[in-house]
Amino acid sequence: MTDQPSDDNQTGANALWGGRFAGGASDIMQRINASIYFDRRFYRQDIAGSRAHCSMLVAQGILSADDGHAILKGLDQVEAEIAAGSFEYDPAKEDIHMHVEARLSELIGEPAGRLHTARSRNDQVATDFRLWLRDEIDALEPALRELQSALLDRAEEHADTLMPGFTHLQAAQPVTFGHHMMAYVEMLGRDRGRFADCRRRLNESPLGAAALAGTSFPIDREATASALGFDRPAANSMDAVAARDFAMEYLAAAAILSVHLSRLAEEIVNWASAQFNFVTLGDGFSTGSSIMPQKRNPDAAELVRAKAGRVIGDLNALLVVIKGLPMTYSKDMQEDKEPVFEVADTLSLTVPAMTGMLGDLTVNREVMEAAARQGFTTATDLADWLVRQLGLPFRRAHNVTGSLVKLAEERGVDLDGLSLADMQAVEGGITEAVFDVLGVHNSVASRVSFGGTAPSRVRAAIAEARRKL
């Protein structure tokens, strides 16, 4: 990385360090060394950082007002050219920083070389990266809120729609579909919190740390930090240029979010199958088969599920890149951007795709409720009744209930299909009142503990979630 301003009089491989290097880089060196293929995404952030740095240099008397004016006007033109798509990229210039500076030099001449005073590409790229990632987190937040809102809409619509709750993918207890949806609302709320935490921690400005040791120029780091919307300057110049934990934290939050999306996607894949038939996906988020005309494939859900693997892999890739690096900057750190870029692109697809699928699917209420009645899902209600009404220790009640489940299984009926005499043959104290707890509707309605599946609790949870949202 360069630690000195560019010099238009230098010759050789690169004007920024031509005095040290007389020969040109090999073709393969240029190809492996260049990052312009991907870091051109930083152009707005890079130019914003240069504007702030230029204004500070003028305010501190390090740069003349005339040079500052020329630089700011030139930066406006460079940004306009890039935005319009007319800007020409050259791999020999390596990265977005050198491209901007080289074009600025073409436009305004010598003053462009003074912009890099008291600045290194080390603090420049760290600043660009934090600015860019901050923008990405800000853009993701409304998409996550919209996804939560879609879940809340389905939860409200189906606050009393019965379905089986599963453990080990076996019917466990009856719940409501609304309660199931609210579980993901909670998960996404924590995801939003993780991204907010990441944003708060990354919002420190590296600008002014220079290469690694700070600078001897009388700069004002508070001014540049404020101009760029940072909360404060980074307190240690070495940490400012070496740290990439903000990127790792973003990827970790993205990986957890992607796992949550994948779990919901997996459930949609299962529910949309003929074997479950709990939901039907519309045409907007389904595909057909080239050979089997009857097929309606949940490809959007499957792709959301698959892309979680890529996000997890990108997190692992960055952790491995950084884990062995000494202080402060090594060229390895050029590899920090592509994993983050890929993850940001992935989330820009998977989050809206999940939002769309939730709005697109049709819930098959009758099928869900019929499934909730199967698999002895009220067995726990029976055991609880034995504890409450007969005073049995829970372990004894559990044993009695297990014996009744076995008997019902042998008879080919559910628990409420057993006669009172059948039950009393196992536990003599059972009365006719036991049948009140064996219905799935009664079971669900009884789960009124905080966070429970009773429709009244679900509606209260929805109202609270909407208030927070």
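Conventions we followed
Residues numbered from 1 in each chain as written. Predicted model: local features only at pLDDT ≥ 70, side-chain atom pairs only at ≥ 80, totals over all residues. Heavy atoms only, no water. Helix = DSSP H or I, 4+ residues; strand = E, 2+ residues; numbered from the N terminus. Rg over C-alpha atoms; globule rule 2.2 N^0.38 Å. Buried < 20%, exposed > 50% of the residue type's maximum accessible area, 1.4 Å probe, protein only. Expected span 1.5 Å × (residues − 1). Contact = heavy atoms within 4.5 Å. Axes fitted to C-alpha atoms, helices over the stretch in contact; angles between N-to-C directions. Parallel < 35°, antiparallel > 145°, perpendicular 65-115°, else oblique. Nonpolar A, V, L, I, M, F, W, Y, C, P; charged D, E, K, R; others polar. Core = buried A, V, L, I, M, F, W, Y, C linked by side-chain atoms within 4.5 Å. Left-handed = near helix turned anticlockwise from the far one by under 90°. Phe/Tyr/Trp six-rings, centres within 6.5 Å; stacked < 30°, edge-to-face > 60°. Lys NZ or Arg CZ within 6 Å of the ring centre and 35° of its normal. Salt bridge = Lys/Arg side-chain N within 4 Å of Asp/Glu carboxyl O. Pairing = 2+ DSSP bridges. Polar contact = N/O pair within 3.5 Å; in protein donor to acceptor, adjacent residues only side chain to side chain.

## Considerations on the overall build of the protein
Here is step 1: When its secondary structure is counted, the protein shows 18 helices and six strands.
Here is step 2: Scaling as 2.2 N^0.38, a compact globule of 469 residues should have a C-alpha radius of gyration of about 23 Å, whereas the protein reaches 31 Å, well beyond that.
Here is step 3: Seen along its three principal axes, the alpha-carbon backbone of the protein occupies a region of about 105 × 55 × 40 Å.
Here is step 4: Looking at the 469 residues of the protein, the share that counts as buried comes to 47%.

## Observations concerning helix H14 (residues 379-390)
Here is step 1: Over its twelve residues, H14 extends 16 Å from the first C-alpha to the last, a length consistent with the 16 Å expected when each residue adds 1.5 Å.
Here is step 2: For H14, the set of buried residues is Ala379, Asp381, Leu382, Ala383, Trp385 and Leu386.
Here is step 3: Where H14 is buried, its residues meet helix H15 (394-411) and helix H17 (440-446).
Here is step 4: Downstream of H14 by one or two residues, Gly391 has phi in the positive range, about 75°.

## A look at the packing of helix H3 (residues 43-59) against helix H4 (residues 65-84)
Here is step 1: Orientation of H3 relative to H4, taken along the N-to-C sense of each, is 175°, at an axis distance of 10 Å. Relative to H4, the element H3 lies roughly antiparallel. The segment H3 lies against H4, with Tyr43, Arg44, Ile47, Ser50, Arg51, Cys54, Ser55 and Val58 engaging Ala65, Gly68, Ile71, Leu72, Leu75, Asp76, Val78, Glu79, Ile82 and Ala83.
Here is step 2: A breakdown of the residues in the contact of H3 with H4 according to their chemical character gives eleven nonpolar, three polar and four charged.

## Regarding unusual backbone geometry
Here is step 1: For the bond from Met327 to Thr328, the omega torsion is 0°, close enough to zero to count as cis.
Here is step 2: As for its position among the elements, Thr328 is in the loop between helix H11 (299-323) and helix H12 (337-360).
Here is step 3: Positive phi outside glycine occurs at Glu94, with the angle close to 70°.
Here is step 4: Position of Glu94 relative to the elements: it lies in the loop between H4 and helix H5 (96-108).

## Considering the nonpolar core
Here is step 1: Within the largest apolar cluster, 90 residues are counted, with the highest numbers of intra-cluster contacts made by Phe195, Tyr250 and Met354.
Here is step 2: Element by element, the count of residues in this core is highest for helix H10 (residues 245-271), at 15 residues.
Here is step 3: When sequence neighbours within four positions are dropped, the list of residues in contact with Tyr250 reads Leu133, Ile137, Phe195, Cys198, Val340, Val343, Ala344 and Leu347.

## Some words on the packing of H4 against H5
Here is step 1: Contact geometry of H4 with H5 gives a least axis separation of 9 Å together with a crossing angle of 120°. Accordingly, the angle class assigned to the pair H4 and H5 is oblique. For the pair H4 and H5, the crossing hand works out as right-handed. Mapping the contact onto sequence places Ala70, Ile71, Gly74, Leu75, Gln77, Val78, Glu81 and Ile82 in H4 and Ile96, Val100, Arg103, Leu104, Leu107 and Ile108 in H5.
Here is step 2: For the contact of H4 with H5, the residue count by class is ten nonpolar, two polar and two charged.

## Description of the packing of aromatic side chains
Here is step 1: The final tally for this structure, using the stated rule, is ten aromatic pairs.
Here is step 2: In textbook terms, an aromatic cluster arises when at least three aromatic residues are bridged by ring pairs, as seen for Phe42, Phe129, Trp132, Phe246 and Phe341.
Here is step 3: In this arrangement the basic side chain of Arg40 is found over the ring face of Tyr89, its NZ or CZ atom lying 4.0 Å from the centre.
Here is step 4: Above the plane of the ring of Phe230 lies Arg134, whose end atom (NZ or CZ) is 5.1 Å from the centre.

## Digging into the environment of Ala433
Here is step 1: Locating Ala433 in the fold gives a position in the loop between helix H16 (420-426) and H17.
Here is step 2: Considered as a pair, Ala433 and Met56 are 377 residues apart in the sequence and their alpha carbons are 80 Å apart.

## Observations concerning the pattern of salt bridges
Here is step 1: Enumeration according to the criterion identifies 34 salt bridges in this entry.
Here is step 2: With a shortest N-O distance of 3.5 Å, Glu94 and Arg121 are connected by a salt bridge. Of the two residues, Glu94 sits in the loop between H4 and H5 while Arg121 sits in helix H6 (residues 121-157), which places them 27 residues apart along the sequence. Neither Glu94 nor Arg121 differs from the other in exposure class; each is buried.
Here is step 3: Measuring nitrogen to oxygen at the nearest pair gives 2.8 Å for the salt bridge that ties Arg447 to Asp381. With Arg447 in the loop between H17 and helix H18 (455-468) and Asp381 in helix H14, the pair connects residues that are 66 residues apart, well separated along the chain.
Here is step 4: The exposure class of Asp381 is buried, given its relative accessible area of 5%.
Here is step 5: Because the salt bridges share partners, they merge into one network encompassing Arg44, Arg51, Asp76 and Glu79.

## What to know about the pairing of strand S1 (residues 162-167)
Here is step 1: Bridge count for S1 against strand S2 (residues 170-176) is six bridges, and the pairing is antiparallel. Bridge pairing in S2 places Met163 opposite Val175.
Here is step 2: What sits between S1 and S2 in their antiparallel hairpin is a turn of two residues, with His168 showing a positive phi close to 55°.

## Considerations on the environment of His69
Here is step 1: Structurally, His69 is set in helix H4.
Here is step 2: Classification of His69 as exposed rests on a relative accessible area of 56%.

## Some thoughts on the side chain of His180
Here is step 1: Topologically, His180 is positioned in helix H7 (residues 177-202).
Here is step 2: On the basis of relative accessible area, His180 is assigned to the buried category, the value being 15%.
Here is step 3: Side-chain polar atoms of His180 contact the side chain of Glu267, separated by 2.7 Å.

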